[in-house]
Amino acid sequence: MASRSPIHEMERRERRGKWFVALATLLSIAVISSTWIGLFSFMGANAAFGTFQDLDEKYIPDVDAQLLELPDLSRVSQMYTLDGTLLAVLHDGRVSEPVPYDEIPELVVNAVLAAEDAEFFQHEGIDAAAIASAFIDNLRYDTSRGGSTITQQVVKKVFVGEEISYERKIIEAVTAIELERRYTKEQILEFYVNFVYFGSSAYGISAAAHEFFDKNLDQLTIAEAATLAVLPRNPTVYDPRRSPEDAEDRRNDVITTMIQHEFITEEEGRLAQAYPFIIAEPKQFTGPADHVVAEVKKQLLNDAEFSFLGTTKDERKKSIFGCPADDVECEGGGGLQVYVTIDLEMQKIANEMLTSWLPQPDTSAMSESELQTCIDRYNATVTPVPEVDRLHCSPTGAIAMVDNATGAVKVMASGLPFAQEQFDYAVQGRRNPGSSFKPFTLVAALESGIPLGSYWDARSPKEIECPYVCSSRGNIWLVSNAGGGGGLMKLFQATHNSVNVVFAQVAIAVGPEKIVETAHRMGIKSDLEAVPSITLGAGAVSPLEMASAYGNFATNGVWAPSYLIERIEGPDGEIIYQHQVEHQQTVDPAVIAAARKPLTLVPTSSGTAVRANIGRPQGGKTGTHQNYMEAWYVGFVPQYSTAVWVGYPDFQYPLRNVVINGQSYSRIFGGTVPAPIWAEFMNIVLADEPALDWPADPAGTSQYLSTPSTDVPAVEGMTVAEASEEIYNSHLSPAVVEVNSLEPEGTVLLQTPEAGASVAQGSSVSIEVSTGLPPSAPLIDLRGKTVDEVIAALRTFEEETGVALSFSKQTVDTEDPALADRVISTNPAAGGTVTHSQTITIFVGNLVDKKGKP
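Residues numbered from 1 in each chain as written. Predicted model: local features only at pLDDT ≥ 70, side-chain atom pairs only at ≥ 80, totals over all residues. Heavy atoms only, no water.

Considerations on the packing of helix H6 (residues 150-160) against helix H7 (residues 166-182)
Working note: a packed helix pair is described by the angle between its axes plus the distance between those axes.
Next, step 1: It is the contact of H6 with H7, at a shortest axis distance of 9 Å, that shows an interaxial angle of 110°. Here H6 lies roughly perpendicular to H7, going by the angle between them. Considering how the two elements wind past one another, H6 and H7 form a crossing that is right-handed. Judged by residue contacts, Thr-151, Gln-152, Val-154, Val-155, Lys-156, Phe-159 and Val-160 of H6 engage Arg-168, Lys-169, Ile-171, Glu-172, Ala-173, Thr-175, Ala-176, Leu-179 and Glu-180 from H7.
Next, step 2: Among the residues forming the contact of H6 with H7, the class breakdown is eight nonpolar, three polar and five charged. (Axes fitted to C-alpha atoms, helices over the stretch in contact; angles between N-to-C directions. Helix = DSSP H or I, 4+ residues; strand = E, 2+ residues; numbered from the N terminus. Parallel < 35°, antiparallel > 145°, perpendicular 65-115°, else oblique. Left-handed = near helix turned anticlockwise from the far one by under 90°. Contact = heavy atoms within 4.5 Å. Nonpolar A, V, L, I, M, F, W, Y, C, P; charged D, E, K, R; others polar.)

What follows is the structure in structure tokens.
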């Protein structure tokens, strides 16, 4: 492959000057004329030197004043994982993979020269012999063959266009000569083989090698290189897939030319021409994580963080994807290497796990009744109903996992394949999180001075008064527990047992605005309405948001925002973007350390997600949305936080009477399906990772575990129901003692401790409550008392017991002077039960002698 020194070539071209330019002009016009008449008419009007002089004045452009800059070639961009696995090739219909000249094998260069311009390294931009040959062929055979060199083809496609005219052809020839004065042969040839269209969206020979042979350039055989060299002449006529015979014939012609110019030996050529004409089947690159690719594209095109790619969406699109195939004026763009944080192995495992647990039935194989049931669900929630082959008749799911230390997104798996559903439920799917939102309320409560040791009314159902209209019942919110609860309960226990009525009261106490602010501060990005039911999951969030926000519990509140794009390299390999991890202390470390404690009991026998237990330090929270519409488990270990969502993909519908993973469920909770999916996945993720422990509790953590004091309310005179409610609302436990009393039944007669006393929350307040029955009491001992003393004693007895008694007196003879006029006995006797208004009999001594006489 011959080449010359660029400096030597430039000096030689300068010496030739305008004479060569004029000759080029003359030959170009002759070829365009295409007939003897045109040629001799031309020659008759111009003679020798006069011809050149006239051409110079009429046609030859002032090329010295032109820029003649070869345009920047558009390139495809690639997306990779951090270990270098290709996820996607990004382009806008123009697949272009420019390669430097010194990386193009000599065999490939020679094949291109043989097909297009065998004397490329010998001519000065135009090939006089080729033009003359084309001229003679056009006259002899009445054809329109051109004699354009590779340089002229570059000029035609880039600078002067393809208009058929004398003037355009002259400008092309002159510009070609000037182009070779400014660029080396290698630069021009490098541009040509990378710029020209080869068909099937492949621009440039490297892209063509991949498209038609699925090979790199250095892997091509002589026959394959010659086949590619054929295509630029006419990608449609010589399309090797549609017109293989024409393409093979032309390939063999090129091989013959290669032999003639000693690019290859005759033996090599003979073998190459006999080589089977085999073209690779067309294939669309299918990446292993198409939902990830779609999300990265969206971020690159829309996020302010990547504004350096362009100020408008069109500018960004060009920077990322390069030029569209149909935009001939576009140049540059693309060539980026985008690296993302996804752990492809874990992503694959997550997808397979979701498919295994939550497969979608083939609607074509469903019975008529099964299909109608599915359609009925759609009719109840979605309008219009999709076509049958687009129905999703079973629940699906999503898994999102984030690195707690950096915020890097490691997994974002959506339960439906990308080809079936482009919507990504891990990132875009915003669903009601149920009780998995309670931890944000817990943090808000701790920040507001409500410790984990505080006690709350856990009875269910409970009517809770809101400061404004908060339900269909006005300002009364009726809340029920999903299970458990009752009596008075610590906030700590209410957290790992997921007691709704406790968290509803806490939400009112701290205010929904505080809960929303806390959730946003901890990493939730979705808009949330500040309503009390936010604590029970009334807002809609994505699995990725939840995984990211839960990372706070593993790091004592040192949180880094989640991110997917690690770095971007430009066409020359320079790093044009590198994600910088920016940690934020979102919550006081002592607060978050305290909040973590009950969450670590959730995946144990004391909590709601025992099926999530993986036998190492972990925490989490289940979530079951109202009427079992959605089911969640969001869990964390020191290294990662992972959210699992399960629900119907196209609508919200109760997860009742479903079969999942071969097991029938009458209803699905966060602890029954999402929790075991989480455990199965995390066991694989952590198989080779150490079981780390939590950060140490910061100073001050204990204050958030304490039990506060409260004042005993005044409840005497209230009904027992009113008093009990008042005592529960004061974070105390009522202990009811029924006593007979003439007060209306259910009236509180007495309380202990007394009203206003300061006691620890959770303490018992004893209340004596009237049964409405007459009071009774053991009769006091009246023996030895006079009648006046009996009257006084019964009066005191009444004051102390509420039992008013009357008495009748009977005398009993006695010889003992000490018993004279004193009570000897009573009926009933002392200690016997007497009832209010009862008449007792007292027996008073009457002194007599031994003969019975007074």
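Once you've had a look at it, read on.
Quick notes on the environment of Ala-405
Next, step 1: Checked against the element boundaries, Ala-405 lands in the loop between strand S7 (396-403) and strand S8 (409-414).
Next, step 2: Distance from Ala-405 to Val-558, taken between C-alpha atoms, is 8.2 Å for residues 153 residues apart in sequence.
Next, step 3: Once residues within four sequence positions are removed from consideration, Ala-405 is found in contact with Ala-560, Val-581 and His-583.

Details of the state of the cysteines
A covalent bond bridging the sulfur atoms of two cysteines is what the word disulfide describes.
Next, step 1: In this structure the tally under the stated criterion is three disulfides.
Next, step 2: Each sulfur in the disulfide pair Cys-323 and Cys-330 lies 2.0 Å from the other. Sign of the S-S torsion, about -80° for the bond between Cys-323 and Cys-330, identifies this disulfide as left-handed. Both residues of the pair, Cys-323 and Cys-330, count as buried.
Next, step 3: Two residues share a disulfide in this structure: Cys-466 and Cys-470, whose sulfurs sit 2.0 Å from each other. Residues Cys-466 and Cys-470 share a disulfide whose torsion about the S-S bond is about 80°; that sign makes it right-handed.
Next, step 4: Overall, Cys-466 belongs to the buried group, its relative accessible area being 3%.
Next, step 5: Bonded cysteines in the protein chain are paired 1-2, 3-4, 5-6 when counted in the order they occur along the chain. (Disulfide = S-S within 2.5 Å. Buried < 20%, exposed > 50% of the residue type's maximum accessible area, 1.4 Å probe, protein only.)

Considerations on the environment of Val-739
Next, step 1: Among the structural elements, Val-739 can be located in strand S23 (residues 733-739).
Next, step 2: Judged by its relative accessible area of 22%, Val-739 falls in the partly exposed class.
Next, step 3: Once the C-alpha coordinates of Val-739 and Ser-770 are considered, the two residues, 31 residues apart in sequence, prove to be 5.2 Å apart.
Next, step 4: If near-sequence neighbours (up to four positions away) are discounted, Val-739 is found in contact with Leu-749, Glu-768, Val-769, Ser-770 and Thr-771.

Remarks on a negative patch on the surface
Next, step 1: Together, Glu-245, Asp-246, Asp-249 and Asp-253 give the surface a local cluster of negative charge.
Next, step 2: With respect to the helices and strands, Asp-249 occurs in helix H11 (residues 244-260). (Patch = residues over 30% accessible without salt bridge, like charges linked within 9 Å, V, L, I, M, F, W, Y side chains within 5 Å. Areas by Shrake-Rupley, 256 points an atom, 1.4 Å probe, with all protein chains shown as cover. Salt bridge = Lys/Arg side-chain N within 4 Å of Asp/Glu carboxyl O. Lys, Arg positive; Asp, Glu negative; His and termini not counted. Charge placed at Lys NZ, Arg CZ, Asp CG, Glu CD.)

A short note on the sheet that holds strand S14 (residues 565-569)
Next, step 1: Ordered in space as S2-S1-S6-S14-S15, the five strands form an open sheet in which the pairing is mixed. The open sheet has two edge strands, strand S2 (86-90) and strand S15 (575-578), and neither has a second partner. For this sheet, the mean angle separating the axes of adjacent strands, direction not counted, is 15°. (Pairing = 2+ DSSP bridges.)

So, the packing of aromatic side chains
Next, step 1: This structure, assessed with the given rule, holds 21 aromatic pairs.
Next, step 2: Measuring from ring centre to ring centre gives 4.9 Å for Phe-191 and Phe-195, while their planes differ by 15°; the resulting arrangement is stacked. Note that Phe-191 and Phe-195 are positioned in helix H8 (residues 185-195) at a spacing of four residues, about one turn of the helix.
Next, step 3: Judged by relative accessible area, Phe-191 falls into the buried class, the value being 6%.
Next, step 4: For Phe-195, a relative accessible area of 24% translates into the label partly exposed.
Next, step 5: Counting every residue linked through ring pairs, the aromatic cluster contains Phe-437, Phe-440, Tyr-550, Phe-553, Phe-636 and Trp-694.
Next, step 6: In this structure, Lys-185 is placed above the aromatic ring of Phe-120, and the distance from its NZ or CZ to the ring centre is 4.4 Å. (Phe/Tyr/Trp six-rings, centres within 6.5 Å; stacked < 30°, edge-to-face > 60°. Lys NZ or Arg CZ within 6 Å of the ring centre and 35° of its normal.)

Details of the pattern of salt bridges
Next, step 1: Counted under the stated rule, the structure contains 30 salt bridges.
Next, step 2: Between Asp-72 and Arg-75 there is a salt bridge, and its shortest N-O distance comes to 3.1 Å.
Next, step 3: By relative accessible area, which is 41% here, Asp-72 ends up partly exposed.
Next, step 4: Overall, Arg-75 belongs to the partly exposed group, its relative accessible area being 23%.
Next, step 5: The network of salt bridges with common partners includes Glu-447, Lys-514, Glu-517 and Arg-521.

Comments concerning the sheet that holds strand S18 (residues 631-636)
Next, step 1: The five strands lie next to each other as S8-S7-S19-S18-S17, forming an open sheet whose pairing is antiparallel. On the outer flanks of this sheet lie S8 and strand S17 (619-624), each paired with one strand and no other. Sheet twist, expressed as the mean angle between neighbouring strand axes with direction ignored, is 10°.
Next, step 2: With five bridges joining them, S7 and S8 adopt antiparallel strand pairing. Its bridge partner lying in S8, Ala-398 is registered against Ser-414.
Next, step 3: With respect to the sheet, helix H23 (residues 674-685) is in contact with S7, S8, S18 and strand S19 (640-647), its orientation differing from that of S19 by roughly 145°.

Description of helix H16 (residues 368-381)
Next, step 1: For H16, built from 14 residues, the straight-helix expectation of 20 Å at 1.5 Å per residue is met to within 8% by its first-to-last C-alpha distance of 20 Å.
Next, step 2: Buried residues of H16: Leu-371, Cys-374, Arg-377 and Tyr-378, and no others. Down the axis of H16, the buried set is contained in an arc of 115°. They therefore lie on one face. Facing away from the buried side of H16, by more than 90 degrees, are the exposed residues Glu-368, Ser-369 and Ala-380. (Expected span 1.5 Å × (residues − 1). Arc of directions from axis to C-beta.)

Focus on the side chain of Arg-251
Next, step 1: For Arg-251, the location among the structural elements is in helix H11.
Next, step 2: Look at Arg-251 and you get buried, because its relative accessible area is 1%.
Next, step 3: At 3.1 Å, the side chain of Arg-251 forms a polar contact with the side chain of Asn-252.
Next, step 4: What Arg-251 contacts, discounting residues up to four positions off in sequence, is Ala-223, Ala-226, Thr-227, Val-230, Ala-272, Gln-273, Tyr-275, Pro-276 and Phe-277. (Polar contact = N/O pair within 3.5 Å; in protein donor to acceptor, adjacent residues only side chain to side chain.)

Observations concerning the side chain of Ser-741
Next, step 1: Topologically, Ser-741 is positioned in the loop between S23 and strand S24 (748-752).
Next, step 2: On the accessibility criterion, Ser-741 (9% relative accessible area) is buried.
Next, step 3: Setting aside residues no more than four positions away along its own chain, Ser-741 makes contact with Leu-749, Ser-770, Thr-771, Gly-772, Leu-773 and Pro-775.

A closer look at the environment of Glu-180
Next, step 1: By secondary structure assignment, the location of Glu-180 is in helix H7.
Next, step 2: Side chain to side chain, Glu-180 and Thr-151 meet in a polar contact 2.5 Å long.

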